[in-house]
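# Understanding the architecture of this molecule
Take a look at the letters that make up each chain.
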Amino acid sequence: MTIIEQAELERQQRYIGQIGQCMEAYRSETGFSRRYWIHTYGCQLNENDGEKLAGLLGEMGYLEAAGLREADLIILNTCSVREHADDRLFGNLGRLKNLRQEKPDLVIAVCGCMMKQPEHVARISRSFSFVDLVFGPQDIYRLPELLYHRLSDEKKQYLVGDEDTLVEGLPIHRARRFRALCSIMYGCNNFCTYCIVPYTRGRERSRQPGDILRELRELALSGYREVMLLGQNVNSYGQDFEETGGDIRDFSDLLEAAARENFYRIRFMTSHPKDISEKLLKVMAANPVIEPHLHLPLQSGSNRVLGQMNRQYTREQYLATVTRARQLIPNLAFSTDIIVGFPGETEEDFADTLDIMRQVRFASAFTFLYSKRTGTPAAEMPNPVDPAVMHERFDRLTALQDAHSLAYNRQSLGQTVEILVEGVSAKQDQVFSGRTGQNQLVNFTVADPALLPAEARSPDGRIDGSRLEGGLARVRVTDAKTFSLFGVLEAYRP
Ligand code: SAH
Ligand code: SF4
Ligand code: F3S
């Protein structure tokens, strides 16, 4: 692992300063600022990387564009986890070609996990040669340098580093006001046979506890009420530490320390089932600020398939973890990820998956069709599942999960739940939304505006939902659907 030294960051800082001067000159000449547009695909770790790119651009004097067409710099931050994600990138790049023709000084950058696969970079330079910058997830801190060379020398900059870097101290422009993302570690060592992530993100590197806790303290002080600790496998946090002298040696210790900061809620993902410890469950049970929700990807309920996937647990071990967790944390909600149609999956294997779902009754699940990823061991495995069979299984799986999700949500009918408000509902006017500690989405209306602080109410009686973000609301649930609850506000605390 390479820890990016202060000297390197200072070098980047000089490029930031130089670009900043150009931006300032442009502004005083034209009265306009240059604007950026970042589109992030994939997981929350990638989203957090996008926030760091935005932070760097902010330091250079760029402003965020309101839309793609307004931008002078477009960054596509890619994901490679399933084939669908790859297709979306190339579709979107095709559309950008026209935009670039209309606007010759538009700068287009592509970064993220897909760039770690040389065939994608080759396809970009062959078929989308208007792309100016290409870099990988480990090269984010070099954006100022790459952009500077593109702007001053007008040369394309393609650079995808291979080193497993750990960078501290990058500026960040956070996308949300109510929930902050905090990556605690990067990379993955598990090599599940279907998964591309260990190849795109490199080996596990854990940030130092002091750096993480400093970030959390700053977040709490700047008004964040909810933080989400992120890693591909948070349970193995700290396993790469050479010295074990400090107080914080593993994820449970880190979570316990985070719980002492001033947040309303702490969330985390993702937990690998093989690494859930009794200690972690006890820390969760003892600290109500840690959400009573565990995202525990199952992938398959068949021991044979789990073995082929290199998941390193059996269905019996998974079920034992669920049982123990429920003993210690009775209101715990489980969610999961499941893959349908892994090579060689038989009807019996699939029946084992449905069976474990009936036993656990997940509150929610992300369900995926197996997607072959070149370079992974599963891509070479025999007996691919016929696409029609795969889709038919997928439909049965989602039907079962939908029934479980609805039944889970119905348990809240008539009850009052506490939610952290995320803002206005995307679909309806004067409807607001947030999530319970069990991660259920709750939409609500306000029958009595007097329950809200004055700054959230306008004289005509309308409510400004953005003023409610990050507050805690108590909502009486009047309706339960598969993917959301609906209710009426009973109390609100900013
Ligand atoms: N680190 C996390 C998951 C990261 S990827 C974990 O181990 O739980 C998120 C999910 O994408 C995985 O849990 C898996 O269900 C799914 N996924 C990964 N590779 C896939 C593939 N090749 N085909 C289909 N789904 C895949
Ligand atoms: Fe992929 Fe497995 Fe690592 Fe998750 S734990 S990122 S599924 S290799
Ligand atoms: Fe995708 Fe990379 Fe995340 S492959 S899921 S963006 S780690």
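Residues numbered from 1 in each chain as written. Chains lettered and ligands numbered in written order. Predicted model: local features only at pLDDT ≥ 70, side-chain atom pairs only at ≥ 80, totals over all residues. Heavy atoms only, no water.

### Brief notes about the nonpolar core
Rules: Among the buried residues, those of types Ala, Val, Leu, Ile, Met, Phe, Trp, Tyr and Cys that are joined through side-chain atoms within 4.5 Å form a nonpolar core. Per-residue accessibility, obtained with a 1.4 Å probe over protein chains only, is compared with the maximum for each type, and a residue is labelled buried under 20%, exposed over 50%, and partly exposed between these values. Domain extents, as shown, originate in an automatic or database domain assignment. Whether two residues are in contact is decided by their heavy atoms, any of which lying within 4.5 Å being enough.
Ile184, Leu229, Phe251, Leu255 and Met284 are the most contacted members of the largest nonpolar core, which totals 67 residues. Two domains share this core, each providing at least three of its residues, namely domain 2 (176–291) and domain 3 (303–410). Not counting residues up to four positions away in its chain, the partners in contact with isoleucine 184 are Arg205, Ser206, Arg207, Ile212, Leu229, Leu230, Val234, Tyr237, Phe251 and Leu254. Of all hydrophobic cores here, the second largest spans 27 residues; its members include Ile38, Phe135, Leu146 and Leu170.

### As for the side chain of glutamate 291
What counts is decided by this rule: Counting from the N terminus, the helices are DSSP H or I runs at least four residues long and the strands are E runs at least two residues long. What qualifies as a polar contact is a pair of N or O atoms within 3.5 Å, subject to a donor-acceptor requirement within protein and to the restriction that residues adjacent in sequence count only when both atoms come from side chains.
Summarising the element assignment, glutamate 291 is placed in the loop between helix H9 (278–286) and strand S14 (293–295). Within the structure, glutamate 291 has its side chain in polar contact with the side chain of arginine 267 (distance 3.4 Å). Setting aside its immediate chain neighbours within four residues, glutamate 291 contacts Arg265, Ile266, Arg267, Phe268, Met284 and Gly437.

### Quick look at the domain arrangement of the protein chain
Frequently, the measure chosen for interface size is the accessible area removed from exposure when the parts meet. Definition in use: Throughout, the accessible surface (probe 1.4 Å) given up by two parts as they are put together, summed over both, is called the buried area. Any carboxyl oxygen of Asp or Glu within 4 Å of a side-chain nitrogen of Lys or Arg constitutes a salt bridge here.
By the assigned domains, the protein chain splits into domain 1 (2–166), domain 2 (176–291), domain 3 (303–410) and domain 4 (416–493). Tallying the contact residues gives 17 residues for domain 2 and 23 residues for domain 3. Both faces combined, the contact of domain 2 with domain 3 buries some 1700 Å², and carbon together with sulfur accounts for 67% of it. When the buried area of domain 2 at its contact with domain 3 is split by residue, Thr193, Tyr194 and Pro273 rank highest and sum to 40% of it. Viewed at the interface, domain 3 and domain 2 are joined by 1 salt bridge. Measuring nitrogen to oxygen at the nearest pair gives 2.6 Å for the salt bridge that ties glutamate 278 to arginine 324. Here domain 2 is connected to domain 3 by 9 residue pairs in polar contact (both at pLDDT 80 or more). With 5 residues, the top contributor of residues to the side of domain 2 that touches domain 3 is H9.

### A look at the site of ligand 1
The test is simple: Each residue is tested against the molecule or strand, and it is near if at least one of its non-hydrogen atoms lies within 4 Å. Where accessible areas are quoted, they stem from the Shrake-Rupley method and a 1.4 Å probe; at the residue level, only the protein chains shown are allowed to cover. Ten residue types, Ala, Val, Leu, Ile, Met, Phe, Trp, Tyr, Cys and Pro, are classed as nonpolar, four, Asp, Glu, Lys and Arg, as charged, and the remainder, Gly among them, as polar.
Around ligand 1 sit 15 residues, and of these Gln232, Pro297, Gln299, Asp337 and Ser371 come closest. At 2.9 Å from an oxygen atom of ligand 1 is found a side-chain nitrogen or oxygen belonging to arginine 82. The side chain of aspartate 337 places a nitrogen or oxygen atom 2.6 Å from an oxygen atom of ligand 1. Taking 540 Å² as the accessible area of ligand 1 by itself, protein coverage stands at 90%. Mapped onto the shell around ligand 1, the elements with two or more residues apiece are strand S15 (333–340) and strand S16 (364–369). Across the shell around ligand 1, the residue classes break down as 7 nonpolar, 4 polar and 4 charged. Each of domain 2 (176–291) and domain 3 (303–410) accounts for three or more of the residues forming the shell around ligand 1.

### Thoughts on empty space enclosed by the protein
The condition that has to hold: The definitions used throughout rest on a 1 Å grid laid over the protein atoms alone, on which a cavity is an enclosed set of points accommodating a 1.4 Å probe that cannot get out and a pocket is an open set flanked by protein within 12 Å on both sides along at least five of seven lines; lining residues are those having an atom within 4 Å of a point. Grid points are joined across faces, edges and corners, and a volume is the space filled by probe spheres set on the points.
This model, assessed by the stated rule, comprises 1 cavity of 30 Å³ or more. Empty space within the largest cavity amounts to approximately 190 Å³. Forming the walls of the largest cavity are 14 residues, and the residues nearest its centre are Asp49, Pro137, Ile140, Val167 and Tyr186. Taken together, the elements giving at least two residues each to the lining of the largest cavity come down to helix H2 (44–59) and strand S8 (165–166). Split by residue class, the lining of the largest cavity holds 7 nonpolar, 2 polar and 5 charged. Each of domain 1 (2–166) and domain 2 (176–291) accounts for three or more of the residues forming the lining of the largest cavity.

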